[in-house]
Amino acid sequence: MQYPFEVQPLPYEYDALEPYLNQEILHYHHDKHYAGYVMKLNELLKNYPNLQNMTLPELLIETYELPNEAKTSIKNQAGGVYNHELYFSCMNHAECEMPTDQLAIAINSSFGSLDQFRAEFASAANSQFGSGYAWLILSDKKLEIIATPNQDTPISPIVTPLLCIDVWEHAYYLQYQNRRSDYVENWFNLINWDFVGARYMSLMKEA
Ligand code: MN
């Protein structure tokens, strides 16, 4: 996918994540916040025909291609698009879904157990100061948990994000107000482990 980028529909109904995330949040988050990043990114790229054949990951990784005067804006808007598309794809309300197969093994060997993974991930999400994301990334084929501010994206030639949680207030405030940790705790029930596992497997297969 490249310019003009299109708003990807939610991969489920707006009320599919209730009770953990209500449909009011999903409407604002997808239709206003995420769609706003798509619109602003297209607006910026309109002025740069030489960037219009770049994909979203290319815009985020090959930042040396971006003109100095628009580098930060393009990085922020492209990050906003990429991060939200991953965030929405990472969720799906399926009771008791758990990581399976190779991903389950990798989580256990990297973090000790699924519970330990959850504790470390929650800590990264809760302690991110201000707006940002917590991530499970594959870095040089190893799993790591990190947090990033604003719309930064941990993507590079050797790093691919597998899973992220948006901890901007707009992601939870309408339902949880200031209680970010309650949102994070409930969000674990929404992780689409099939999606994350498939992503992991396809990356591990690449040379
Ligand atoms: Mn968001």
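In short, a report on the structure. (Residues numbered from 1 in each chain as written. Predicted model: local features only at pLDDT ≥ 70, side-chain atom pairs only at ≥ 80, totals over all residues. Heavy atoms only, no water.)

Observations regarding the packing of helix α4 (residues 101-111) against helix α5 (residues 114-127)
Right, on to step 1. At a minimum axis separation of 8 Å, α4 and α5 run at an interaxial angle of 70 degrees. The angle between the axes of α4 and α5 places the two elements in the roughly perpendicular class. Considering how the two elements wind past one another, α4 and α5 form a crossing that is left-handed. Contact residues: I107, N108 and F111 in α4; L114, Q116, F117 and E120 in α5.
Right, on to step 2. The residue inventory of the contact of α4 with α5, partitioned by class, reads four nonpolar, two polar and one charged. (Axes fitted to C-alpha atoms, helices over the stretch in contact; angles between N-to-C directions. Helix = DSSP H or I, 4+ residues; strand = E, 2+ residues; numbered from the N terminus. Parallel < 35°, antiparallel > 145°, perpendicular 65-115°, else oblique. Left-handed = near helix turned anticlockwise from the far one by under 90°. Contact = heavy atoms within 4.5 Å. Nonpolar A, V, L, I, M, F, W, Y, C, P; charged D, E, K, R; others polar.)

A closer look at the coordination of the manganese ion
Right, on to step 1. Those donors, H29 (NE2), H84 (NE2), D166 (OD) and H170 (NE2), are the protein atoms that reach the manganese ion, and they lie 2.0 to 2.2 Å from it.
Right, on to step 2. We note that the donor set of the manganese ion lies within a single chain, spaced as H-x54-H-x81-D-x3-H. Of this pair, H84 sits in helix α3 (residues 71-89) while D166 sits in strand β3 (residues 159-166), placing them 82 residues apart in sequence. (Donors = N, O, S within 2.8 Å, 3.2 Å for Na, K, Ca; no water.)

A look at the side chain of H84
Right, on to step 1. The exposure class assigned to H84 is buried, which follows from its relative accessible area of 0%.
Right, on to step 2. In terms of polar contacts, H84 uses its side chain to reach the backbone carbonyl oxygen of G80, at 2.6 Å.
Right, on to step 3. Each residue touching H84, except ones within four places of it in the same chain, is listed here: H29, Y34, Y37, G79, Y133, Q151, D166 and H170. (Buried < 20%, exposed > 50% of the residue type's maximum accessible area, 1.4 Å probe, protein only. Polar contact = N/O pair within 3.5 Å; in protein donor to acceptor, adjacent residues only side chain to side chain.)

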